[in-house]
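The primary structure of each chain is shown beneath.
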Amino acid sequence: MAASFTQTTTAVEAVVADLLAVPVFAERALGPGADAVDSALGGGLAEFMDKTGFNGKPGESLAVPTGGRLGAKAVILVGLGKRDELTLDGLRRAAAVVAKRASRVKSLATTLLDAAPDSVNRADAAQALAEGVVLGSYKFLRYKGDPKPSKLSRVIVVGRGGARVKASLWRGSRIAEAVSWARDLVNEPSGAKSPAEIAALTRKVARGSGLKVKVLTGSNLAAERLGGVIGVGQGSQRPPCMVRLEYEPAGARRTVAFVGKGVVFDSGGLSLKPAAGMETMKTDMSGAAAVIAAMSALRDLEVKARVIAYVPLVENMPSGSAIRPGDVLTHRNGKTVEVLNTDAEGRLILADALAMAVEDEPDAIVDLATLTGACVIALGEKIAGLMGNDDAWSGQVGDAADRAGESMWHLPLPDEYRKLLDSEVADIANISGGRYGGALTAGLFLKEFVGDVPWVHLDIAGPARASADDGHTPKGGTGFGVRTLLEIASSFRAPGR
Ligand code: BES
Ligand code: MN
Ligand code: ZN
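Residue numbers here run from 1 along each chain, matching the order of that chain's written sequence. A letter from A marks each chain and a number from 1 marks each ligand, given out in the order of writing. Owing to the predicted nature of the model, reporting of local features is limited to residues with pLDDT of at least 70; listing and counting of side-chain atom pairs is limited to 80 or more, with chain, interface and lining totals taken over all residues. The side-chain quantities take in all heavy atoms of the structure and omit both hydrogens and water.

S.K.: I'm lost on the site of ligand 1 in this one. Help?
M.R.: The nearness test applies per residue and asks whether one of its heavy atoms lies within 4 Å of the molecule or strand. Taken together, 15 residues are adjacent to ligand 1, and Lys 273, Asp 284, Asp 343, Glu 345 and Gly 373 come closest. Under this definition, polar contacts are N or O atom pairs within 3.5 Å; protein pairs additionally need one hydrogen-donor-capable and one acceptor-capable atom, and for neighbouring residues in sequence, both atoms have to be side-chain atoms. Residue Asp 266 places a side-chain N or O atom 2.9 Å away from an oxygen atom belonging to ligand 1. Lys 273 is positioned with one of its side-chain polar atoms (N or O) 2.8 Å from an oxygen atom of ligand 1. Accessible surface area values rest on a Shrake-Rupley calculation with a 1.4 Å probe, where residue burial reflects the displayed protein chains alone. Considering ligand 1 on its own, with 520 Å² of exposed area, one finds that the protein chains cover 74% of that surface. Three classes are used: nonpolar for Ala, Val, Leu, Ile, Met, Phe, Trp, Tyr, Cys and Pro, charged for Asp, Glu, Lys and Arg, and polar for all others, with Gly counted as polar. Within the shell around ligand 1, the residues separate by chemical class into four nonpolar, four polar and seven charged.

Set out below in C-alpha cells:
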C-alpha cells in the first residue's frame, strides 16, 4: 500500500514524526523549514554542512544530529539546487530521495512543498511531491527471500495547505500507485505472465475499477479476423488473446482510445534474437501494462471522458507452429502483410488492435509500444518517440507528456519512406529493406491501420526500462506512459477543437 498523505500547519520544530526532511538550495541556502530547524538546534547547520561537504545540489541529502531538540526523531537536509531553477520534476526527484532515506521509518514530515517557487502551480507541486515519494519507495521484491519493502506509511506535508493541496497529494499518490502496478507487471518474469494470466489479472482489475472488459481467445480471434495476433501467437504453447476495456462515465461526450503492445516475451520468433537481445524481452509488454494501469485509475481520478482500450497479448516464440519469414497474414481491416522478419512482431499485433479501435469511432487514438531498437538508437533510453497523423493531436499528447513529466520527442512519418515497406506479394511488408529510419518505418506501418482517426504512436522501447537507478525511477520496468495517459484522459478534448 502506498503511504497516506496529510497536511499540517504545525510549526516545523514541533511536528512529531520519525523523520523530518527540510530543503536546502544551492550554496547551502536554507529552504523553508530549514531555518526553523537551524534555530531549534542552536544555529550550527552552516558549519555542519560545511564540514560534511553538503552543498545543496539536487540529489544530495544529509542526516543531521538533533540531540532530541525537535518534535521529529531525526532530520535530513535535502538538496534542491538553484532556487529559481527548481522544476516540478526537480521536486519529484527530491521527494524520491527523501522517500528512499525514509524507507526504514513509518512517518515522514517534510516542508518540501513550500520550496516550490511561485511560478509553479501549488496543486501541481503537491501532486509531483506525492508522486516522487511513492515512486521513490518502489521496489520489486516478489522473488527475494528476505524482502525489505519500504515501511513508510504516513507522510505529513508541513506548510500552507488547503483543499486543493490535499486533493493533489491524493491524486499524485493514486497516479504513482498505478505506475507501480505497471512496474510490477513489467518486472514479472515472462514465465509467470502468459497472455491468459495477464488477461485474468486484467479482468480482476477491471472489476475493481468500474471497467467493462471483454477478452477474445481461441476461435473467437479467427472469427474476429485478428490475423496479426493469431500469426504472432501461433509459435507459443501459451495462446494469444485480445483484451478490450471500456470506461464510460455518465454524461461523457468524447472518447479516446488507448492501445498497448503486449508481447509477454519476444524471442524474435524464427528470426531469433541473439541471447543478449532477449535478456530484457520480458519487458516487451510495457505498453500493455501502462494502458491497463492507466485504465484502472480513471474512475478514482474522476475522468470525465469515455476511454476504451485494446490490449493484444501474445508470446513471440520459435517452434514448429511459428509463422515463417515469407508467410502472409490478413489483418482485421482486410489488409495483407508479408512477414519478412518475425521479430518485427509488435506492429503485427498492433495493426489488429488499431483497426478494432478505429471501428469504435473514437475522437482520437494513442498507442504505446516497445516497438523498435532504432528508436532507442535515435533518442536514447530516457525519451520516447512521438509520431502521428494529426498535428493538433500530436501537440496535445506532447503537451500532456510535458505536464506529466515524461520525456518525448516528435519524429516524422515521411510519406516518401512508405515505399520502403512495399511487398512483392502482399499489400505491405512488415520490415523495410534496410536498418535506417527503423522507428519511422514502424510508425508508417501502423499508420496504414488507423484510417482518418487522429492517432499518435509512442515508441517507448527506450524509456519503458531503466538500465540503472535514476531518482524516482529504479532499474527495471519504469511504468513509463502511465502518467501521460492519465494526463491525456483527465484533460481530453477532441483534437483541433
Ligand atoms: N521488442 C523489440 C524492440 C525493442 C528492442 C524493444 C530493444 C526494446 C529494446 C521489437 O519487437 C523488435 O524486435 N524490433 C526489431 C524490428 C526489426 C526486426 C525491423 C528491432 O528493433 O530490431
Ligand atoms: Mn521483436
Ligand atoms: Zn517486440
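And the narrative resumes.
S.K.: Teacher, can you tell me more about the coordination of the manganese ion (ligand 2) here?
M.R.: Atoms of type N, O and S within 2.8 Å of a metal are treated as its donors, and for Na, K and Ca the window is 3.2 Å; water is not considered, so some sites may appear to be missing partners. Protein-derived ligands of the manganese ion (ligand 2) are Asp 266 (OD), Asp 343 (O), Asp 343 (OD) and Glu 345 (OE), with the metal-ligand distances lying across 2.1 to 2.2 Å. Tetrahedral means four donors with every angle between 85 and 135 degrees, whereas square planar (four donors) and octahedral (six donors) require angles over 155 degrees between opposite donors and between 65 and 115 for all others; sites fitting neither are termed irregular. Considering all six donor atoms around the manganese ion (ligand 2), the spread of angles at the metal, 70 to 167°, places the coordination shape in the irregular class. Sequence positions of the residues that donate to the manganese ion (ligand 2) give the spacing D-x76-D-x1-E. Between the manganese ion (ligand 2) and the zinc ion (ligand 3), a separation of 3.2 Å is found, and both are coordinated by Asp 266. By relative accessible area, Asp 343 is classed as partly exposed at 22%. For each residue, the accessible area found with a 1.4 Å probe, counting protein chains only, is set against the maximum for its type, and the residue is called buried under 20%, exposed over 50%, and partly exposed in between.

S.K.: Looking at this structure, how should I read the nonpolar core?
M.R.: For the purposes of this section, nonpolar cores are sets of buried Ala, Val, Leu, Ile, Met, Phe, Trp, Tyr and Cys residues that join through side-chain atoms within 4.5 Å. Ranked by internal contacts, the top residues of the largest apolar core, which has 92 residues, are Phe 258, Met 295 and Ile 488. All the domain ranges listed were derived from an automatic or database domain assignment. Counting the residues that make up this core, at least three belong to each of domain 1 (4–159) and domain 2 (181–490). The contacts of Ile 488, once residues within four sequence positions are left out, are Val 256, Phe 258, Val 366, Trp 393, Val 397 and Ala 400. Core analysis: the second largest hydrophobic core is formed by 44 residues, Val 263, Met 356, Cys 375 and Phe 449 among them. Any two residues having at least one pair of non-hydrogen atoms within 4.5 Å are treated as being in contact.

S.K.: Explanation requested: the coordination of the zinc ion (ligand 3) in the structure shown.
M.R.: For a metal with four tetrahedral donors the ideal donor-metal-donor angle is 109.5 degrees, whereas six octahedral donors ideally subtend 90 or 180 degrees. At the metal site, the zinc ion (ligand 3) is ligated by Lys 261 (NZ), Asp 266 (OD), Asp 284 (OD) and Glu 345 (OE), and these contacts range over 2.0 to 2.4 Å. Classification of the site at the zinc ion (ligand 3) as octahedral follows from its six donor atoms and the range of 78 to 174° in their angles at the metal. Within one chain, the residues serving as donors to the zinc ion (ligand 3) are arranged as K-x4-D-x17-D-x60-E.

S.K.: How should I be thinking about the sheet that holds strand β14 (residues 336–339) in this particular structure?
M.R.: By way of backbone hydrogen bonds, the strands of a sheet pair with one another, either parallel or antiparallel. Paired strands, in this sense, are two strands between which DSSP finds at least two bridges. The helix and strand labels rest on DSSP assignments: H or I over at least four residues marks a helix, E over at least two residues marks a strand, and numbering proceeds from the N terminus. An order of β13-β14-β18 is seen for the three strands of this open sheet, with the pairing classed as mixed. Both outer strands of the open sheet, β13 (327–330) and β18 (428–429), are each paired with one neighbouring strand and no more.

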